[in-house]
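Summary of structural features
Residues per chain are reported as follows:
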Amino acid sequence: FNYDENTALEIVTRLTYIAAGNINTWFTGPPTFSGCGSQSGYRAYLEADDDDGDLTNGTPHMSAIFEAFNDHEIACPTYQIPVFDSGCPNNPQTQPEITATPVNMGVQLS
């Protein structure tokens, strides 16, 4: 995702604040994909990150969440990561061009 450290920390902090209170157990069963339980940490983080109530079409940060949980063998392959794993399909693909023109005691943006 190429976020700077502060942005990444804000996202993780927000997800943890929302998700952690709903976790019954971080994982069940032996390692390797043991985060499939309905009240697992992996599922709670995906639900906290979801923006449309449908985990089957991905979440904005699903691949990063999967990688983090999979590193500890507590992810779940049930929720497949779509090729485009953002719930925001209309994200801008280019940066906007802004022109700043100085005016008396300010600036005009266009």
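Shown above is the structure to which this text applies.
Per chain, the residues get numbers from 1 upward, laid out in the order the sequence is written. A pLDDT threshold of at least 70 governs which residues receive local features in this predicted model, and a stricter bar of 80 or more applies before side-chain atom pairs are shown or counted, although totals over entire chains, interfaces and linings include all residues. Side-chain figures throughout are based on the complete set of non-hydrogen atoms in the structure, without hydrogens or water.

Along its length, the protein chain carries three helices and two strands. Going from N to C terminus, the protein chain has its helices and strands arranged as α-α-α-β-β. Put simply, the protein chain has 110 residues, and 27% of those count as buried. In what follows, residue pairs with any heavy atoms lying within 4.5 Å of each other are defined as contacts. Within the protein chain, contacts between residues separated by at least 24 positions form 51% of all contacts whose residues are at least 6 apart in sequence. The protein chains shown are the only cover counted for residues, whose accessible areas, like all others here, come from Shrake-Rupley with a 1.4 Å probe. Surface accessibility of the protein chain: about 7800 Å² in total, with carbon and sulfur atoms responsible for 54%. Put simply, DSSP marks the helices as runs of H or I at least four residues long and the strands as runs of E at least two long, and each gets a number from the N terminus on. Three exposure classes are used, based on accessible area relative to the maximum for each residue type with a 1.4 Å probe and protein chains only: buried under 20%, partly exposed in between, and exposed over 50%.

Before going further, it helps to spend a moment on the pairing of strand β1 (residues 100–103). One ladder, built from four bridges, connects β1 with strand β2 (residues 106–109); its direction is antiparallel. Bridge pairing links Val103 to Gly106 in β2. Paired strands, in this sense, are two strands between which DSSP finds at least two bridges. Counted along the chain from β1 to the antiparallel partner β2, the turn is two residues long, and its residue Met105 has a positive phi close to 60°.

Turning next to the packing of helix α2 (residues 41–49) against helix α3 (residues 62–71). Here an angle of 0 to 180 degrees is reported between the N-to-C directions of two axes, which are lines fitted to C-alpha atoms, with helices fitted over the stretch in contact. Interhelical geometry of α2 versus α3 gives an angle of 165° and a closest axis separation of 10 Å. What the angle tells us is that α2 and α3 run roughly antiparallel. Here α2 and α3 pass one another in a crossing that is right-handed. When α2 is examined against α3, the residues Gly41, Tyr42, Tyr45, Leu46 and Asp49 are found in contact with a partner set consisting of Met62, Ile65, Phe66 and Phe69. Here the nonpolar group is Ala, Val, Leu, Ile, Met, Phe, Trp, Tyr, Cys and Pro; Asp, Glu, Lys and Arg are the charged ones; every other residue, Gly included, is treated as polar. Of the residues belonging to the contact of α2 with α3, the class tally is seven nonpolar, one polar and one charged. Between 65 and 115 degrees an angle is taken as roughly perpendicular, under 35 as roughly parallel, over 145 as roughly antiparallel, and anywhere else as oblique. In this scheme, a crossing is called left-handed if the near helix is turned counterclockwise away from the far one by less than a right angle; it is called right-handed if the turn is clockwise.

Among buried residues, those of type Ala, Val, Leu, Ile, Met, Phe, Trp, Tyr and Cys that are joined through side-chain atoms within 4.5 Å constitute a nonpolar core. Core analysis: the biggest nonpolar cluster contains 17 residues, and Tyr42, Tyr45, Leu46, Ile65, Phe69 and Tyr79 have the highest contact counts within it. Contributions of two or more residues to this core are made by α1 (5–19), α2 and α3. Filtering out sequence-adjacent residues up to four positions away, Phe69 remains in contact with Trp26, Gly41, Tyr42, Tyr45, Ile74 and Ala75.

As a further point, take the pattern of salt bridges. Salt bridge, as used here, is a side-chain nitrogen of Lys or Arg placed within 4 Å of a carboxyl oxygen of Asp or Glu. In the structure shown here, the tally under the stated rule is one salt bridge. Across the pair Arg43 and Glu47 runs a salt bridge whose closest N-O atoms are separated by 2.8 Å. Separated by four residues within a single helix, Arg43 and Glu47 lie in helix α2, roughly one turn from each other.

Bringing a nonpolar patch on the surface into the picture now. Note on patches: the residues involved have over 30% relative accessible area and no salt bridge, like charges join within 9 Å, and the nonpolar side chains Val, Leu, Ile, Met, Phe, Trp and Tyr join within 5 Å. Together, Ile98, Val107 and Leu109 line one region of the surface with nonpolar side chains, adding up to about 320 Å² of accessible area. Note that Leu109 resides in strand β2. Overall, Leu109 belongs to the exposed group, its relative accessible area being 58%.

This next bit is on unusual backbone geometry. Although it is not a glycine, Glu73 sits at a positive phi angle of roughly 60°. For Glu73, the location among the structural elements is in the loop between α3 and β1. Classification of Glu73 as partly exposed rests on a relative accessible area of 36%. For Met105, which is not glycine, the phi torsion reads 60° and is therefore positive. Looking at the secondary structure, you find Met105 in the loop between β1 and β2.

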